[in-house]
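Each chain, written out:
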Amino acid sequence: MGPPRVGARREQDIVDEVKRKTVELLDADGDGKLSVADAKLLAIKLTAASQKVSSTLVAWLDADGDGEVSWAEVEGGARAAFHRCEESITNACARLAPYKTSLLAGAGLLSVFYGGNFKYTVLFARTFVVAGWPQVRPAITELTTAYGKGKRA
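**Details of the overall build of the protein chain**
For the protein chain, the helix and strand inventory stands at five helices and zero strands. Of the regular secondary structure in the protein chain, the N- to C-terminal order runs α-α-α-α-α. On C-alpha atoms alone, the protein chain measures out to a radius of gyration of 25 Å, which is more than a quarter above the 15 Å that the 2.2 N^0.38 rule sets for 153 residues. Taken along the three principal axes of its C-alpha coordinates, the protein chain extends 60 × 60 × 30 Å. Residue burial in the protein chain is summarised as follows: out of 153 residues, 7% are buried. Put simply, 15% of the contacts in the protein chain that link residues at least 6 apart link residues at least 24 apart. Accessible area of the protein chain: about 13000 Å², with a carbon and sulfur share of 66%. Taking the average location of the 20 positive side-chain charges in the protein chain and that of its 18 negative ones, the two points are 13 Å from each other.

What follows is the structure in structure tokens.
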């Protein structure tokens, strides 16, 4: 069967690290077992974190300062969050635009050297250009137009 690929080894390292961190989080006394005391300590930590997150969320969404969050305030918060995401993505795209060619070349090189089946990647890309893009392009144009109209409304 042969040795595992470098990518597979790296994935296993990541899985092992996640397992180690999980055990550190759950096993407070480090004895390798999850005891009742460990579970109680975890519950206390999660409760404190949950209360902090809840109060922060209410404070963030409570636009009129009455200590309660109405549905209109939830919708306003969602719109504000969406707007901030849109601004962030737009700014990131603008900052990365001068490097577009380099970024695409870098992604291509990564797929060449780390892709397990490079020939299939090339075959898929060529097939998409010939068969997929003519179908996808009008849909993207229509979606972009609809989004623009919805944003203006």
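**Quick word on the confidence of the model for the protein chain**
Summing up the model confidence of the protein chain, the mean pLDDT is 80 and the portion of residues at 70 or higher is 90%. Looking over the protein chain, one finds the lowest element-wise mean pLDDT in helix H4 (residues 100-114), namely 76, and the highest in helix H3 (residues 71-96), namely 89.

**So, the pattern of salt bridges**
Going through the model one piece at a time under the given rule, you end up with two salt bridges. Among the ionic pairs, glutamate 17 bridges to arginine 20, the shortest N-O distance being 2.6 Å. With glutamate 17 and arginine 20 both in helix H1 (residues 6-26) and three residues apart, this pair spans about one turn of that helix. Judged by relative accessible area, which is 34%, glutamate 17 ranks as partly exposed. Looking at arginine 20, the relative accessible area reads 37%, which means it is partly exposed. A salt bridge links lysine 21 to glutamate 17; the nearest nitrogen and oxygen atoms lie 4.0 Å apart. Of this pair, lysine 21 and glutamate 17 both sit in helix H1, separated by four residues, roughly a single helical turn. One network of salt bridges, with partners in common, ties together Glu17, Arg20 and Lys21.

**Observations concerning H3**
Here H3 spans 37 Å end to end across 26 residues, near enough to the 38 Å set by a 1.5 Å rise per residue. Within the span of H3, buried status applies to Glu73, Gly77 and Glu86.

**What to know about the state of the cysteines**
The tally for this structure, following the rule as stated, stands at zero disulfides. Cysteine 85 forms no disulfide, and the closest cysteine sulfur to it belongs to cysteine 93, at a distance of 13 Å.

**Some remarks on the environment of serine 35**
Along the polypeptide, serine 35 turns up in the loop between H1 and helix H2 (36-61). Serine 35 gets classed as partly exposed once you look at its relative accessible area, which sits at 25%.

**Details of a nonpolar patch on the surface**
Together, Phe124, Phe128, Trp133 and Ile140 make up a nonpolar patch on the protein surface, roughly 400 Å² of accessible area in all. For phenylalanine 124, the position within the fold is in helix H5 (residues 118-152). Judged by its relative accessible area of 58%, phenylalanine 124 falls in the exposed class.

What counts and how
- Residues numbered from 1 in each chain as written.
- Predicted model: local features only at pLDDT ≥ 70, side-chain atom pairs only at ≥ 80, totals over all residues.
- Heavy atoms only, no water.
- Helix = DSSP H or I, 4+ residues; strand = E, 2+ residues; numbered from the N terminus.
- Rg over C-alpha atoms; globule rule 2.2 N^0.38 Å.
- Buried < 20%, exposed > 50% of the residue type's maximum accessible area, 1.4 Å probe, protein only.
- Contact = heavy atoms within 4.5 Å.
- Areas by Shrake-Rupley, 256 points an atom, 1.4 Å probe, with all protein chains shown as cover.
- Lys, Arg positive; Asp, Glu negative; His and termini not counted.
- Charge placed at Lys NZ, Arg CZ, Asp CG, Glu CD.
- pLDDT = per-residue confidence, 0-100.
- Salt bridge = Lys/Arg side-chain N within 4 Å of Asp/Glu carboxyl O.
- Expected span 1.5 Å × (residues − 1).
- Disulfide = S-S within 2.5 Å.
- Patch = residues over 30% accessible without salt bridge, like charges linked within 9 Å, V, L, I, M, F, W, Y side chains within 5 Å.

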